[in-house]
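# Structure at a glance
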Amino acid sequence: FIFDVFPLSVNMAMLDVSREEEFAPVKNAPGSSSDSPDTARSMISSLSKQWVKEAGGVLIDDTDGDDMCEVSPLVSYDGEGLKELVENKTIQCPFSL
């Protein structure tokens, strides 16, 4: 675990971040209810959908929330710049921008 290296570090810093936006660990097998590849993909998808909605896009066919959607980090790293791409546009789920 990460805590094992604390005594060995000369300088250390901690960050307090929103788990939904910054932290999706993968330490359990696929199919596990937490900290699995499946839950990490779901968190990335939810964040991408949130960014599109906040930028003024309208999502369709997202009734069950299971459609995997992604905003590539080549397009936007933190939701910035999406307004020009999606504002007042209908976005079909699943999507990849």
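Attention here is on the structure that accompanies the text. (Residues numbered from 1 in each chain as written. Predicted model: local features only at pLDDT ≥ 70, side-chain atom pairs only at ≥ 80, totals over all residues. Heavy atoms only, no water.)

## Quick notes on the side chain of Ser72
Threshold: In this text, helices come from DSSP runs of H or I with a minimum length of four residues, and strands from runs of E with a minimum of two, each type numbered from the N-terminal end. Burial status follows relative accessibility: with a 1.4 Å probe on protein chains alone, a residue under 20% of its type maximum counts as buried, one over 50% as exposed, and anything between as partly exposed. For this analysis, a polar contact is any N or O atom pair within 3.5 Å, provided that within protein one partner can donate a hydrogen and the other can accept it, and provided that sequence-adjacent residues contribute only side-chain to side-chain pairs.
Tracing the chain through its elements places Ser72 in the loop between β1 (58-60) and α3 (83-86). Ser72 gets classed as buried once you look at its relative accessible area, which sits at 18%. Among the polar contacts listed, one links the side chain of Ser72 to the backbone nitrogen of Leu74, at a separation of 3.0 Å.

## Here's the deal with a negative patch on the surface
Where we set the bar: Without a salt bridge and with relative accessible area above 30%, a residue can belong to a patch; like charges are then joined within 9 Å and nonpolar side chains (Val, Leu, Ile, Met, Phe, Trp, Tyr) within 5 Å. Method for areas: the Shrake-Rupley scheme with a 1.4 Å probe, in which residue coverage is limited to the protein chains shown. The rule for a salt bridge is simple: a side-chain nitrogen of Lys or Arg has to be within 4 Å of a carboxyl oxygen of Asp or Glu. Residues counted as positive are Lys and Arg, residues counted as negative are Asp and Glu, and His and the chain ends are not counted. Charge coordinates come from a single atom per side chain, which is NZ of Lys, CZ of Arg, CG of Asp or CD of Glu.
Judged by side-chain charge, Glu20, Glu21, Glu22, Glu54, Asp78 and Glu80 come together as a negatively charged surface patch. No other element matches helix α1 (residues 19-22), which puts three residues into the negative patch. Tracing the chain through its elements places Glu21 in helix α1.

## A few points about helix α2 (residues 37-54)
Where we set the bar: Here the expected span of a helix is defined as 1.5 Å times the quantity of residues minus one.
Its 18 residues give α2 an end-to-end C-alpha distance of 26 Å, which sits within 8% of 26 Å, the value for a rise of 1.5 Å per residue. For α2, the full list of buried residues reads Thr39, Ala40, Ser45, Leu47, Ser48, Lys49, Trp51 and Val52.

## Brief notes about a nonpolar patch on the surface
Taken together, the side chains of Ile2, Phe3 and Val5 define a hydrophobic patch exposed on the protein surface, amounting to about 330 Å² of accessible area. Mapped onto the elements, Phe3 comes out in the segment before α1. Residue classification places Phe3 among the exposed residues on the basis of a relative accessible area of 56%.

## Section: the environment of Lys53
Condition: The contact definition used throughout considers only heavy atoms, calling two residues in contact when any of these lie within 4.5 Å.
Relative to the helices and strands, Lys53 resides in helix α2. In contact with Lys53, not counting residues within four places along its chain, are Leu59 and Asp62.

## What to know about the environment of Glu84
Positionally, Glu84 belongs in helix α3. Separated by 74 residues in sequence, Glu84 and Val10 place their C-alpha atoms 45 Å apart.

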